[in-house]
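Reading the structure
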Amino acid sequence: MLVDEQISIAMEAREHLSSQRQTFKRMQTRFNDIANRFPMLNSLIYRINSRKRRDSLILGLVVAVCTFLLLFYAFH
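Remember, it's a predicted structure, so these values are computed and weren't measured experimentally.

**What to know about the overall build of the protein chain**
A tally of regular secondary structure across the protein chain gives two helices and zero strands. Against the globule reference of 11 Å for 76 residues, the protein chain gives a C-alpha radius of gyration of 23 Å, more extended than a compact globule. Overall size of the protein chain, expressed as C-alpha extent along the three principal axes, is 65 × 50 × 5 Å. As presented, the protein chain carries roughly 7500 Å² of accessible surface, and 66% of it is formed by carbon and sulfur atoms. Averaging the coordinates of the 11 positive side-chain charges in the protein chain and doing the same for the 6 negative ones gives two points 20 Å apart.

**Quick look at the packing of helix H1 (residues 2-37) against helix H2 (residues 39-74)**
Packed helix pairs are characterised by how far apart their axes lie and by the angle those axes make with each other. Contact pair H1 / H2: the axes reach a minimum separation of 5 Å and the direction vectors enclose 110 degrees. If you check the angle between H1 and H2, you find them roughly perpendicular. Seen from H1, the contacting residues are Phe31, Ile34, Ala35, Asn36 and Arg37; seen from H2, they are Pro39, Leu41, Asn42 and Ile45. The class makeup of the residues in the contact of H1 with H2 is six nonpolar, two polar and one charged.

**A few points about the UniProt feature "transmembrane region" (unreviewed entry) in the protein chain**
With numbering aligned to this structure, UniProt lists the feature "transmembrane region" (unreviewed entry) at residues 57-75. Taken end to end, residues 57-75 has its terminal C-alpha atoms 27 Å apart, with 95% of it in helix and 0% in strand.

**Overview of a nonpolar patch on the surface**
A cluster of nonpolar residues, Val65, Phe68, Leu69 and Phe72, forms a patch on the protein surface that exposes about 420 Å² of accessible area. Inspection of the secondary structure assignment puts Phe72 in helix H2. The exposure class of Phe72 is partly exposed, given its relative accessible area of 46%.

**Comments concerning the packing of aromatic side chains**
Summed over all chains, the structure comprises one aromatic pair. Centroid distance Phe68 to Phe72: 6.3 Å. Interplanar angle 20 degrees. Geometry classified as stacked. Of this pair, Phe68 and Phe72 both sit in helix H2, four residues apart, which is roughly one turn of the helix.

**Some details on the environment of Met27**
Summarising the element assignment, Met27 is placed in helix H1. Here Met27 falls in the partly exposed class, since its relative accessible area comes to 46%. Sequence separation of Met27 and Arg47 is 20 residues, and the distance between their C-alpha atoms is 21 Å.

What counts as what
- Residues numbered from 1 in each chain as written.
- Predicted model: local features only at pLDDT ≥ 70, side-chain atom pairs only at ≥ 80, totals over all residues.
- Heavy atoms only, no water.
- Helix = DSSP H or I, 4+ residues; strand = E, 2+ residues; numbered from the N terminus.
- Rg over C-alpha atoms; globule rule 2.2 N^0.38 Å.
- Areas by Shrake-Rupley, 256 points an atom, 1.4 Å probe, with all protein chains shown as cover.
- Lys, Arg positive; Asp, Glu negative; His and termini not counted.
- Charge placed at Lys NZ, Arg CZ, Asp CG, Glu CD.
- Axes fitted to C-alpha atoms, helices over the stretch in contact; angles between N-to-C directions.
- Parallel < 35°, antiparallel > 145°, perpendicular 65-115°, else oblique.
- Contact = heavy atoms within 4.5 Å.
- Nonpolar A, V, L, I, M, F, W, Y, C, P; charged D, E, K, R; others polar.
- UniProt positions renumbered as here; feature names shortened; annotations may be inferred.
- Patch = residues over 30% accessible without salt bridge, like charges linked within 9 Å, V, L, I, M, F, W, Y side chains within 5 Å.
- Salt bridge = Lys/Arg side-chain N within 4 Å of Asp/Glu carboxyl O.
- Buried < 20%, exposed > 50% of the residue type's maximum accessible area, 1.4 Å probe, protein only.
- Phe/Tyr/Trp six-rings, centres within 6.5 Å; stacked < 30°, edge-to-face > 60°.

Below you can see the structure in the form of structure tokens.
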């Protein structure tokens, strides 16, 4: 009985994930349609993503340098 209950829970979770996947596919299709209609929007999104990537890289480098200096200070 407990195994059947667990199986039904797993099947419900699977159905829920499947419906989420379909929703995300529809959203992606709509987004691609809009991006194809408006090429300026596509270039804007590309620039935003490249700036986000650059900012993440800079932030990572700052954290790495600060960590290195902290360890250097702690062990000297």
